[in-house]
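Here is how the chains run, residue by residue.
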Amino acid sequence: MDAVEQKILAAVDAQRETLLAFAQDIGAHAEPGFFETRTAARVAELLRGCGLSPQTGLARTSVKAVLQGGAPGPCAAVILCPAHPAANPENGVAHACGHNAQLTALVGAALALSAPGVAEALSGSVAFFAVPAEEYVPIGTRQALQKQGVEFCCGKSELLRTGGFDGVDLALTTHVHMIPCESDLLLGNVACNGFTSKTVVFHGKAAHAATAPHAGVNALNAAALALNAVGLLRETFRECDTVRIHTNIREGGAALNVVPETVVMEAMVRAATLEALDDAARKFDRACTHAAEALGAHAEILTYQGYMPVRPAPADPALLAAAAALPGLSAQCAEPGMQNIASTDVGDLSQVMPVVNFTHGGTAGALHSADFAVTDVDKAYIAPAKMMALTAYHLLKDGAVLARRTMDGFTPVFTRESYIETVRRQG
């Protein structure tokens, strides 16, 4: 372990109680995406305490602060996003997948990297980025936000659109374990499904359900037939594409004695690649369209932006070096074939820039469930802060050789401009 690593670890340890208090405070005051005003203020306050000058109000609630190293070089962005027993009583929202742990890692990394003798060892800069929560913004909220100027209602996506990531060369991210993992650390990018969101409005014709059902067109029957058609698509999807389609009937008719005229169905279509996602979405649309036509109804299909798939990547050498400085923690590397069926807006970043990612333990229970809980504060809050700072240091030390190697080995799918065009076509 070199002298800078020792300073990083000592700086995090010295602020252990501050970090734990912050994690508990954020955990007790969860806020939904694009409305994290209290959370943003707390993050900005601690970043100012590190001697940084945070920008606020980016994409409504994003906070960004840049730490300049001792020599020119790349910019590594440390990016985190902020019905449960610990739900905020004011809004019912809870950090049931560890976003308060991510924010604690962000703040801890900022404290460590801004410590005397650390920033001077960096060839480049570190942008500390707290962004709107990755949980998908409901359609109604999305429409309201768009009227206020938020075009892409996914935090990282909106920041890509508005230039928040301009000048950033690679991203460093973390999360609690998103797939089963017995080790304390899982190093590298596990592939994650992307998804697209659908709202299908089935239009029929109202009539008295008892005396004149023949005069109506039952929109609920059209939706039911569409659901059966979607279910029968299952054998057309390849196992390797991990396609999932989940649906919900939001509106099912006005009165029991009236043939339903309008039925609204919502759906998420998920898949492992952009190509598979496009294929599954086309099949879903076709099933809904023709099922409705078969019964004389009409399906109006509205498509909304979701998240792009996460591109898998092996453990970055900087992650391996960081984990080696934490011998008390067990670690394993992401392997080809590992797949997270859920989705995250980190996928959008991974299509545009290199993403260096690790996940960590210290929690129990399923994500987004009532039994999710932090069981080891050191593994959930303190260790990720150390990993973040150590990884940023190893990326940017010695002329940023590891950061430049990661950047040189990455081929983007989209430029910022083509990404924006693609998302706009989707929505």
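Residues numbered from 1 in each chain as written. Predicted model: local features only at pLDDT ≥ 70, side-chain atom pairs only at ≥ 80, totals over all residues. Heavy atoms only, no water.

(A) Structural context of unusual backbone geometry. Unusually for a residue other than glycine, A59 sits at a positive phi of about 50 degrees. Tracing the backbone through its elements, the reader meets A59 in the loop between β1 (55-58) and β2 (62-68). Positive phi is not limited to glycine here, since D398 has a value of about 50 degrees. Within the fold, D398 resides in the loop between α11 (377-396) and α12 (401-408). With relative accessibility at 60%, the residue D398 sits in the exposed group. (Helix = DSSP H or I, 4+ residues; strand = E, 2+ residues; numbered from the N terminus. Buried < 20%, exposed > 50% of the residue type's maximum accessible area, 1.4 Å probe, protein only.)

(B) Quick peek at the packing of helix α9 (residues 317-324) against α11. Look at α9 against α11: their axes get within 8 Å of each other, and the N-to-C directions meet at 130 degrees. Compared by their axis directions, α9 and α11 come out oblique. For the crossing formed where α9 meets α11, the hand is right-handed. Across the interface between the two elements, A318, L319, A321, A322 and A323 of α9 pack against M387, L390, T391, H394 and L395 of α11. (Axes fitted to C-alpha atoms, helices over the stretch in contact; angles between N-to-C directions. Parallel < 35°, antiparallel > 145°, perpendicular 65-115°, else oblique. Left-handed = near helix turned anticlockwise from the far one by under 90°. Contact = heavy atoms within 4.5 Å.)

(C) Structural detail: the packing of aromatic side chains. Enumeration over the complete set of coordinates arrives at three aromatic pairs. Relative to F165, the ring of F129 has its centre 4.9 Å away and its plane inclined at 50 degrees; by these criteria the two rings are tilted. Here F165 lies in the loop between α6 (155-162) and β5 (170-176) and F129 lies in strand β4 (residues 123-130), a separation of 36 residues in the sequence. Using a relative accessible area of 4% as the deciding quantity, one classes F165 as buried. (Phe/Tyr/Trp six-rings, centres within 6.5 Å; stacked < 30°, edge-to-face > 60°.)

These figures capture arrangement, not role.
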